[in-house]
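Understanding the architecture of this molecule
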Amino acid sequence: MKRALVLSGGGLFGAWQVGAWSRLSESIRFDAVIGASIGSLNGWAIAGGATPSQLGAKWIEAAASGRLKFRVPLRRPLDGIVEFSQIEGFIRDVHSSFRPQQEYYAVLTDLLRLRPQMVAGDHVSWRHLAASCALLGLLPQQRIDRVLYTDGGFLGALPLWAALRCQATQTVGLNVMPRMPWPVRATLKPLRALRGRPGKPAREQTVVLGPSRPLGGWRQAFLWQQAHVADWIDQGYQDAHSAFLDGNISIADCF
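Residues numbered from 1 in each chain as written. Predicted model: local features only at pLDDT ≥ 70, side-chain atom pairs only at ≥ 80, totals over all residues. Heavy atoms only, no water.

1. Quick word on the overall build of the protein chain
- Looking only at helices and strands, the protein chain features nine helices and eight strands.
- Looking at the protein chain as a whole, 53% of its 255 residues qualify as buried.
- A separation threshold of at least 6 residues defines the contact pool for the protein chain, and within that pool the share at least 24 residues apart is 78%.
- When the accessible surface of the protein chain is totalled, it reaches about 12400 Å², and 52% of it is carbon and sulfur. (Helix = DSSP H or I, 4+ residues; strand = E, 2+ residues; numbered from the N terminus. Buried < 20%, exposed > 50% of the residue type's maximum accessible area, 1.4 Å probe, protein only. Contact = heavy atoms within 4.5 Å. Areas by Shrake-Rupley, 256 points an atom, 1.4 Å probe, with all protein chains shown as cover.)

2. Description of the pattern of salt bridges
- The tally for this structure, following the rule as stated, stands at five salt bridges.
- The residue Arg92 makes a salt bridge to Glu88 at a minimum N-O spacing of 2.8 Å. Remark: Glu88 and Arg92 occur in helix α4 (residues 85–97); sequence separation between them is four residues, near one turn of the helix. (Salt bridge = Lys/Arg side-chain N within 4 Å of Asp/Glu carboxyl O.)

3. Quick look at the packing of helix α1 (residues 14–24) against helix α9 (residues 229–246)
- The contact between α1 and α9 brings their axes to 6 Å, and the two run at 40°. Between α1 and α9, the interaxial angle falls into the category oblique. Crossing handedness for the pair α1 and α9: right-handed. Contact residues: α1 offers Ala15, Trp16, Val18, Gly19, Ala20, Ser22, Arg23 and Leu24, while α9 offers Val229, Trp232, Ile233, Gln235, Gly236, Tyr237, Asp239, Ala240, His241 and Phe244. (Axes fitted to C-alpha atoms, helices over the stretch in contact; angles between N-to-C directions. Parallel < 35°, antiparallel > 145°, perpendicular 65-115°, else oblique. Left-handed = near helix turned anticlockwise from the far one by under 90°.)

4. Considerations on the confidence of the model for the protein chain
- Scored by pLDDT, the protein chain has a mean of 87; 85% of the residues are at 70 or more.
- Below pLDDT 50 for its whole length, residues 181–187 participates in three contacts with residues either more than four positions away or in separate chains. (pLDDT = per-residue confidence, 0-100.)

5. A word on the packing of helix α3 (residues 52–63) against α9
- Taken N-terminus to C-terminus, the directions of α3 and α9 make an angle of 150°; their axes are 9 Å apart at the nearest point. The angle between α3 and α9 places the two elements in the roughly antiparallel class. Between α3 and α9, the contacting residues are Gly56, Trp59, Ile60 and Ala63 on the first element and Val229, Ala230 and Ile233 on the second.
- Across the contact of α3 with α9, the residue classes tally to six nonpolar, one polar and no charged. (Nonpolar A, V, L, I, M, F, W, Y, C, P; charged D, E, K, R; others polar.)

6. Looking at the packing of aromatic side chains
- Applying the stated criterion across every chain, the model contains three aromatic pairs.
- Between Phe13 and Trp232, the ring centres sit 5.0 Å apart and the planes meet at 90°, which makes this aromatic pair edge-to-face. Here the residue Phe13 occupies a position in the loop between β1 (3–7) and α1, and Trp232 occupies one in helix α9, the gap between them amounting to 219 residues. Judged on exposure class, the residue Phe13 and its partner Trp232 are both buried.
- Lying over the aromatic face of Phe244, Arg23 brings its terminal NZ or CZ to 4.3 Å of the ring centre. (Phe/Tyr/Trp six-rings, centres within 6.5 Å; stacked < 30°, edge-to-face > 60°. Lys NZ or Arg CZ within 6 Å of the ring centre and 35° of its normal.)

7. Quick look at helix α2 (residues 38–47)
- In terms of burial, α2 is a largely internal element, 10 of the 10 residues being buried.
- Among the residues of α2, Ile38, Gly39, Ser40, Leu41, Asn42, Gly43, Trp44, Ala45, Ile46 and Ala47 are the ones counted as buried.
- Directly after α2, the chain includes Gly49, whose backbone phi takes a positive value near 90°.

What follows is the structure, given as structure tokens:
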């Protein structure tokens, strides 16, 4: 049996994943960790042996570090409108603090080919994590080995297909992506249709958890000054605990 934890994109709502994983880790041992966008950062720390308190502390510290700044006018369209230095510092800190101690994959999207890619832990640099988090229009797109990458959740926030690709037999997904504004949905729909739908694990082998109540809108998801990190972490723990109580996660999923 091989259990995979899959972490979605969702900006600052990734703090919810920290709390949910904290509760899951008390009962379930995961053999592989997969993350897209902000989930790639959380996944990197989780696969690197971080404790819930260590990862939570990094989130609290980042949230307290100040407001994001915007770059207007833009010099280059692919640079994004958000000043990258603060976010880069967070990414570098998480990357340098941990090294995968188990199977780990970061999901990136090849922007020109519209093709998602999995990068194994041994090959993941801080730039790969930055590329996985590079939300088009907000953050700078990353060029690695002559390939231009964008956000790992660009073609799908929760990459359950990656669990299938790494031969997981049981999958738990943590999805915190808020509903996107309709212009974004309208733009992405034909792109996703063009690429087709990747395979997914069987429904009976997959559990997907999300917030029991809305964490906020898009402004809260992407602006540090409107983040409620401690509250989101706590809600994540409570939501995952409720999943055990409600039977959404069975005892067969546990140690």
